[in-house]
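# Inside the fold
Spelled out from the first residue to the last, the chains are:
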Amino acid sequence: VQLQASGGGLVQAGGSLRLSCAASGRTFSGYAMGWFRQAPGKERDFVAAINWSGGSTYYADSVKGRFTISRDNAKSTVYLQMNSLKPEDTAVYYCAATPQGRVTNTYSLYNYWGQGTLVTVSS
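Anyway, here's the lowdown on the structure attached to this text. Each chain carries its own residue numbering, running from 1 in the written order of its sequence. Only residues with pLDDT of at least 70 get local features here, since the model is predicted, and only at 80 or more are side-chain atom pairs given and counted; chain-wide, interface and lining totals rely on the full set of residues. No hydrogens and no water enter the side-chain calculation; it runs on all heavy atoms of the structure.

## Quick look at unusual backbone geometry
Among all residues save glycine, negative phi is the norm, and among peptide bonds the norm is trans. Even without being glycine, Ser76 reaches a positive phi, approximately 55°. The phi angle at Ser84 is positive, at roughly 50°, despite the residue not being glycine. For the purposes of this entry, the term helix denotes a DSSP run of H or I that reaches at least four residues, the term strand denotes a run of E that reaches at least two, and both are numbered from the N terminus. Structurally, Ser84 can be placed in the loop between β8 (77–82) and β9 (91–98).

The structure is reproduced here in structure tokens:
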């Protein structure tokens, strides 16, 4: 699976952005998808995940209620809608795919990674 993330940019605090991750290669619908982020000088952290059908989602506490993950299997694309952005959301955001199909926040279970897209939130 090849993943291409897009949609990052510069936004003021309180604003919104929608990230997209387009997949190609193997059957997209069989994979659970996740978003992770990495701020400068920090480890890559889990943000959100969605199962193969879109019927189950899971969020980090830090983004719960502000971010929404969704997917369109017909378009082989997963999205991350980010609202009420805060300066601490500034990071490179990565999409990832795991063949297990179920939601997981476990970094090591994700076999495929996109190249990352930078989100900068100004105060």
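## A closer look at the packing of aromatic side chains
Aromatic rings from Phe, Tyr and Trp, taking only the six-membered ring of Trp, are treated as a pair when their centres fall within 6.5 Å; an angle between ring planes under 30 degrees marks them as stacked, one over 60 as edge-to-face, and anything in between as tilted. Counted according to the given criterion, the structure contains 8 aromatic pairs. Centroid distance Phe36 to Tyr107: 5.9 Å. Interplanar angle 90°. Geometry classified as edge-to-face. Taken together, the positions of Phe36 in strand β4 (residues 32–38) and Tyr107 in the loop between β9 and β10 (112–113) put the pair 71 residues apart, joining distant regions of the chain. Here a set of aromatic residues connected by ring pairs shows up, and it is made of Phe36, Phe46, Tyr58, Tyr107, Tyr110 and Trp113. Criterion for a charge above a ring: Lys NZ or Arg CZ within 6 Å of the ring centre, and within 35 degrees of the ring normal. In this arrangement the basic side chain of Arg44 is found over the ring face of Trp113, its NZ or CZ atom lying 5.0 Å from the centre.

## Observations regarding the pattern of salt bridges
Any two side chains of opposite charge can pair, on the condition that their charged atoms come close. In the sections that follow, a salt bridge refers to a side-chain nitrogen of Lys or Arg positioned within 4 Å of a carboxyl oxygen of Asp or Glu. Scanning the model with the defined rule gives 3 salt bridges in all. Ionic pairing is found between Lys64 and Asp61, a salt bridge with its closest N-O pair at 3.1 Å.

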